[in-house]
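Single-letter residue listing:
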Amino acid sequence: MSKIDDNGDHESEEPEPTGPSRIVVPFAKNGKFPSNAISNAKYNPITFIPIILYEQFKFFINLYFLIVALSQIVPSLRIGYLSSYILPLAFVLFVTMSKEALDDIARRRRDAEANKEGYEVVGKVDFVRSRDLKVGDLVLIKKDQRVPADMILLKSSETNGETFIRTDQLDGETDWKLRIACPLTQSLPNETLSSVQITATAPSKSIHSFLGRISLDSANLPLSIDNTLWANTVLASGHAIGCVIYTGKETRQAMNTSKARAKVGLLELEINSLSKILCICVFLLSLLLVGLSGFRGQWYISIFRFLVLFSSIIPVSLRVNLDLGKSVYAYLIEHDKAIPETIVRTSTIPEDLGRIEYLLTDKTGTLTQNDMELKKIHVGTVSYAGEAMDEVAAYVSGSAQSTRSRRDIGVRVRDLVFALAVCHNVTPVYEDGESSYQAASPDEIAIVKWTESVGLMLAKRDRTSIVLSYAASKAEQSLEILQIFPFSSETKRMGIVVRDLERDEIWFFLKGADSIMARIVQKNDWLEEETGNMAREGLRTLVIGRKKLTTEAYNIFLEKYTAASLVLKDRDSAMLRVVAEYLEKDLELLGLTGVEDKLQENVKPSLELLRNAGIKIWMLTGDKVETARCVAVSAKLVPRGQYIHTIAGMTRNEIAYDQLEYLRSKGDCCLLIDGESLALFLDVYKKEFIEVAVTLPAVIACRCSPTQKAEIAKLIKTWTKKRVCCIGDGGNDVSMIQAADVGVGIVGKEGRQASLAADFSILQFCYLTKLLVWHGRNSYKQSAKLAQFIIHRGLIISIAQAVYSISSSFEPLALYQGLLLVGYATIYTMMPVFSMVLDRDVDEDLAEMYPELYKELTEGRSLSYLTFFIWVLISVYQGSIIQGIAQILVGFDMSVFKMMVSVSFTALFLNELLMVAMEIITWNKIMFATEIVTVGAYIASIPFLGDYFDLHYIITGPYFWKTAVATAASLVPIFLVKVITRRVRPPTYAKVRQR
């Protein structure tokens, strides 16, 4: 490790076995640590243009148009005006670069505000800007002030060294976190704090762990996560002094800020494939025309000139229109009053909301409210629930009838209630005369509220003591906290060692999951049966045990535990081993609690609607098998009466194979599987398992780890090639959400981690149905229609060009040039075509009443090779008819060229407007306005088109009737085919609208 001296140099020392560490000396002037300036900017002045150009030209369409535009610099390849090919591409790049520049400027402004924030530094007169803070600075943080860098808490304004921080901007959790100043420094004067030395491990991404040591003279104390103030947290109480240990990119906040995986929608991939087909068609058409001319002269130059002429077949404006469409969909989602506070965090995939075939959902906080209430307790021979809780309160108050058997039960009940009132991490908070509880878990708050309801209240709590208040006698009982062993997803238990000051007794209390506690508590004949019973009632169970410790036994434990806490390598594991060896053996089983988590509002109809929409739903939870089964049935994830095949506790490969064979033969059953069995399947029969599981109507995986959740999402995506949506509300759901094609996060009781990591953030599970069935369906259908219409718009003008080239003895001569080409894709057609994103084939009520409408989207019929080739045929017909009739009625030699162009281009323009009108199903004011404004813009621009039109000819009668004939000939047959087809084979939406 390295030691930082007062000159900022590094002195060599014997390396620690843990790898790189650092010793922080306050006021060390070391310039070798990263700057503390925050920078979330994506670009700088040098990299802006190169990165933008790379991001744009990695798309096939833009690259194709770049090559076409560059080819016009070569005189022999130039056709018409250079602006005809440069301006459309420049417009696309300008829109993209403007959007990126504005976004980056906004990011830089936010960074500047944070970097300029001033802080008081001990020993300095002036405020120091956040960006100028250095490792070793002693910084004074005040209430509601942001912590500017990763720090060790040295002093707090509270005499006991405690302070609270809010971490919602770091980990998304909304509860306050207790932090404790080191006892060595809490009582030191500010000016002498520079005498301490802090040993810290190398920077790490883990926001929930920290290992270090603090030294003062000959004294050494361990430092843990409880002594830290991470950057971007906020001090919630009092004021504090911290020593900066990590700055800039080495802070936990920066190391956990990764660039989100760029998601590309399925529709965009499909359009990219179609664009490549169009490119091949352009090349083949060019080759065909040159071939028909006999490959005369410099035929290879003619091929390239034809490629340029037909370049509009691949529309450069396609991606811009689709991106603008996505912005419209995002706006409509976020401003939908029926799903308030919904946030679109990834605006590139709204169409995928209409293609979901698999939904993976968490249970707690997603299907349920995560609003816990203790419903039942069991003390071995008797259980209490409902009105019987009054009897529990009587036992606690001592007013229960006194028979011998009841005295025995009363003692057990009081012991259980006392243990529940002590064994937790809940802190009572008093503000403005009102009290509330702060804790990381709603379960713990529910239990402490229940103990208060039966007469034993948590009156006061700090890091060293607990004060309980008995409601009946108004008496208080004080306990000294000796050790706390916090709950974690790995240990699945929480323990505390306390000293009863009145009786001078030391007790160890432990609560946790039955799967863990069963081997820690003394043998009994009721725990397994009763946990199963409570689980079948849909209750989450906790087992509570205790152990009385002698002073000698505790001192032996404390010595071993303290030694383990000073180790820098595998400290947590070493400490857990000591606890297991000296405390977690032969605990007295006090009882069992059952906590209810109610279903979210409207979960049942939402799940039923999604199931009817053809979406297969998987519930992934950490709860027990029985609890998962109960919730699945009550939430109607599994229809009542449907067979649920359960696989639990499976450890042998041959049994796994037999289970797979059974599932293959029982394809209509639902699968309920625990984490252990799932792990075996994924290890031994991964391919076979996922092949069978994806065909089942529903799957419930319980005792599921976060890693398993993410792996299942990836497996379904890889195996089925279908769109997978994952939804959850907690930090343990983040990996699953990020692994999905579409991740949806619910703002939960425990924080916003899932919401911040997701593509879409909602408040309730029931909002998902509207997000998918209404907004998702509309986004996909309208984007599919928009994409195909824009392709049609490019194809039809290219077909007209091909007809003219054939008539001109296969010469690559331009039919439309300059402003006509640019205007055709912009002011003459863009607004009406883009207005189709607002079209609706059914209203919202019908979409939810007939979820089968969503089901047909998953088959991709709105945009397929079939629909694509239908549009190609329409384009070939209309382009040929319009240009052919114009040439027949007007002629096509150079003497009447402008007259012919006047007729054919006007007919082309009218054809596109009327085709838009034929495609729109539900008109609105914006659609009418775009049609009228566009016609007005075209008429107003005609006087400026003298280079292309014969302005004298267009005010004569022949111009009007010839244009009308060409337009009618191109539209009437298409219109008749549409009418007949809808009568003979009406689309599903039309059948629904007629009911």
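Residues numbered from 1 in each chain as written. Predicted model: local features only at pLDDT ≥ 70, side-chain atom pairs only at ≥ 80, totals over all residues. Heavy atoms only, no water.

Here we look at the overall build of the chain
1) Next: A tally of helices and strands in the chain yields 33 helices and 35 strands.
2) Next: Viewed in the frame of its principal axes, the chain has a C-alpha envelope of about 115 × 75 × 55 Å.
3) Next: Considering only intrachain contacts with a sequence separation of at least 6, the fraction spanning at least 24 residues in the chain is 72%. (Helix = DSSP H or I, 4+ residues; strand = E, 2+ residues; numbered from the N terminus. Contact = heavy atoms within 4.5 Å.)

Brief notes about the sheet that holds strand 14 (residues 234-235)
1) Next: Strands sit in the order 9-8-14 across an open sheet of three strands; the sheet is antiparallel. Whereas interior strands pair on both sides, the edge strands pair on one side only; in this sheet they are strand 9 (176-180) and strand 14.
2) Next: Relative to strand 14, strand 8 (residues 162-166) is paired through two bridges, and the arrangement is antiparallel. The residue bridging Ile165 from the neighbouring strand is Leu235, located in strand 14. (Pairing = 2+ DSSP bridges.)

So, the sheet that holds strand 25 (residues 493-500)
1) Next: Here we have nine strands laid out as an open sheet, ordered 19-18-28-27-26-25-24-23-22, and antiparallel in their pairing. Each having just a single partner strand, strand 19 (383-385) and strand 22 (456-461) make up the two edges of the open sheet. Averaged over all pairs of adjacent strands, the angle between strand axes in this sheet comes to 30 degrees, irrespective of strand direction.
2) Next: Summarising the sheet, strand 24 (residues 476-485) and strand 25 pair through six bridges and their orientation is antiparallel. Bridge assignment links Leu479 to a residue of strand 25, and that residue is Asp500.
3) Next: Docked against the sheet, helix 11 (residues 442-453) engages strand 18 (368-378), strand 22, strand 25, strand 26 (505-512), strand 27 (539-549) and strand 28 (588-599), running at close to 45 degrees with respect to strand 18. (Axes fitted to C-alpha atoms, helices over the stretch in contact; angles between N-to-C directions.)

A short note on the environment of Ala693
1) Next: Looking at the element boundaries, Ala693 is found in helix 20 (residues 686-693).
2) Next: A C-alpha to C-alpha distance of 13 Å links Ala693 and Ala656, two positions 37 residues apart in sequence.
3) Next: Excluding residues within four positions of it along the chain, Ala693 makes contact with Trp618 and Val699.

Looking at a nonpolar patch on the surface
1) Next: A contiguous nonpolar patch, built from Ile280, Phe283, Leu284, Leu287, Phe295, Trp299 and Tyr300 and spanning about 690 Å² of accessible area, is present on the exposed surface.
2) Next: The greatest single-element share of the nonpolar patch, amounting to four residues, is contributed by helix 6 (residues 266-292).
3) Next: Here Leu287 is to be found in helix 6. (Patch = residues over 30% accessible without salt bridge, like charges linked within 9 Å, V, L, I, M, F, W, Y side chains within 5 Å. Areas by Shrake-Rupley, 256 points an atom, 1.4 Å probe, with all protein chains shown as cover. Salt bridge = Lys/Arg side-chain N within 4 Å of Asp/Glu carboxyl O.)

Some thoughts on the packing of aromatic side chains
1) Next: Taken as a whole and assessed by the stated rule, the structure comprises 29 aromatic pairs.
2) Next: Taking 5.4 Å as the distance between ring centres and 70 degrees as the angle between the ring planes, the aromatic pair formed by Tyr816 and Phe905 counts as edge-to-face. With Tyr816 in the loop between helix 24 (767-807) and helix 25 (818-825) and Phe905 in helix 30 (residues 897-919), this residue pair connects regions lying 89 residues apart in the sequence. The same class applies to Tyr816 and to Phe905, which are both buried. (Phe/Tyr/Trp six-rings, centres within 6.5 Å; stacked < 30°, edge-to-face > 60°. Buried < 20%, exposed > 50% of the residue type's maximum accessible area, 1.4 Å probe, protein only.)

Details of helix 1 (residues 48-57)
1) Next: Regarding helix 1, the residues found buried are Phe48, Ile52, Gln56 and Phe57. An end-on view of helix 1 places all buried positions within 130 degrees of arc, on one side of the element. (Arc of directions from axis to C-beta.)

Things to note about the nonpolar core
Side chains that are nonpolar tend, in soluble globular proteins, to be buried together.
1) Next: Membership of the largest hydrophobic core comes to 135 residues, with the highest contact counts inside it found for Leu359, Phe760, Phe765, Leu768 and Tyr816.
2) Next: For this core, the leading source of residues is helix 24, giving 17 residues.
3) Next: Judged by nonpolar contacts, the second largest core, of 43 residues, contains Val392, Tyr395, Tyr437 and Met494. (Core = buried A, V, L, I, M, F, W, Y, C linked by side-chain atoms within 4.5 Å.)

Regarding the pairing of strand 6 (residues 138-141)
1) Next: The alternating pattern of strand 6 places Leu138 and Leu140 on one face and Val139 and Ile141 on the opposite face, and all of these are buried.
2) Next: Pairing between strand 6 and strand 15 (residues 240-246): four bridges, direction antiparallel. Bridging from a neighbouring strand, Leu138 pairs with Cys243 of strand 15.

Observations regarding the environment of Val901
1) Next: With respect to the helices and strands, the residue Val901 is situated in helix 30.
2) Next: The class for Val901 is buried, based on a relative accessible area of 1%.
3) Next: Setting aside chain neighbours within four positions, we find Val901 in contact with Leu815, Tyr816, Leu820, Thr906, Tyr948 and Phe949.

Details of helix 20
1) Next: Those residues of helix 20 not exposed but buried are Phe689, Ile690, Val692 and Ala693. End-on, the buried residues of helix 20 take up no more than an arc of 165 degrees, which puts them together on one face.

A closer look at the confidence of the model for the chain
1) Next: Averaged over the chain, the pLDDT score is 86; the fraction of residues at 70 or greater is 94%.
2) Next: Residue range residues 1-21 is modelled with pLDDT below 50. Its contacts to residues more than four positions away, or to other chains, number 44 contacts. (pLDDT = per-residue confidence, 0-100.)

Examining the side chain of Ser275
1) Next: Positionally, Ser275 belongs in helix 6.
2) Next: Once residues within four sequence positions are removed from consideration, Ser275 is found in contact with Phe60, Ile61 and Ile314.

Looking at the packing of helix 24 against helix 29 (residues 865-890)
1) Next: Put simply, helix 24 and helix 29 touch, their axes get as near as 7 Å, and they point 40 degrees apart. Between helix 24 and helix 29, the angle falls in the class oblique. The crossing of helix 24 and helix 29 is right-handed.
2) Next: Here the residues of the contact of helix 24 with helix 29 sort into 14 nonpolar, eleven polar and no charged. (Parallel < 35°, antiparallel > 145°, perpendicular 65-115°, else oblique. Left-handed = near helix turned anticlockwise from the far one by under 90°. Nonpolar A, V, L, I, M, F, W, Y, C, P; charged D, E, K, R; others polar.)

Observations regarding unusual backbone geometry
1) Next: The backbone of Asp217 shows a phi angle near 55 degrees, a positive value even though the residue is not glycine.
2) Next: Note that Asp217 resides in the loop between strand 11 (212-216) and strand 12 (219-223).
3) Next: Using a relative accessible area of 78% as the deciding quantity, one classes Asp217 as exposed.
4) Next: Positive phi values are uncommon outside glycine, yet Phe810 reaches one of about 65 degrees.
5) Next: Along the chain, Phe810 falls in the loop between helix 24 and helix 25.

Digging into the environment of Ala106
1) Next: Of note, Ala106 is situated in helix 3 (residues 83-116).
2) Next: Note on Ala106: relative accessible area 30%, which makes it partly exposed.
3) Next: For the pair Ala106 and Ala41, spaced 65 residues apart in the sequence, the C-alpha separation amounts to 8.8 Å.

Looking at the pattern of salt bridges
Side-chain pairing between opposite charges can occur once the charged atoms of the two side chains come close.
1) Next: Applying the stated rule across the entire model yields 35 salt bridges.
2) Next: The partner of Glu268 in a salt bridge is Lys326, with the nearest N and O atoms 3.7 Å apart. Remark: Lys326 occurs in helix 8 (residues 318-334) and Glu268 occurs in helix 6; sequence separation between them is 58 residues. The residues Glu268 and Lys326 share a single accessibility class, namely buried.

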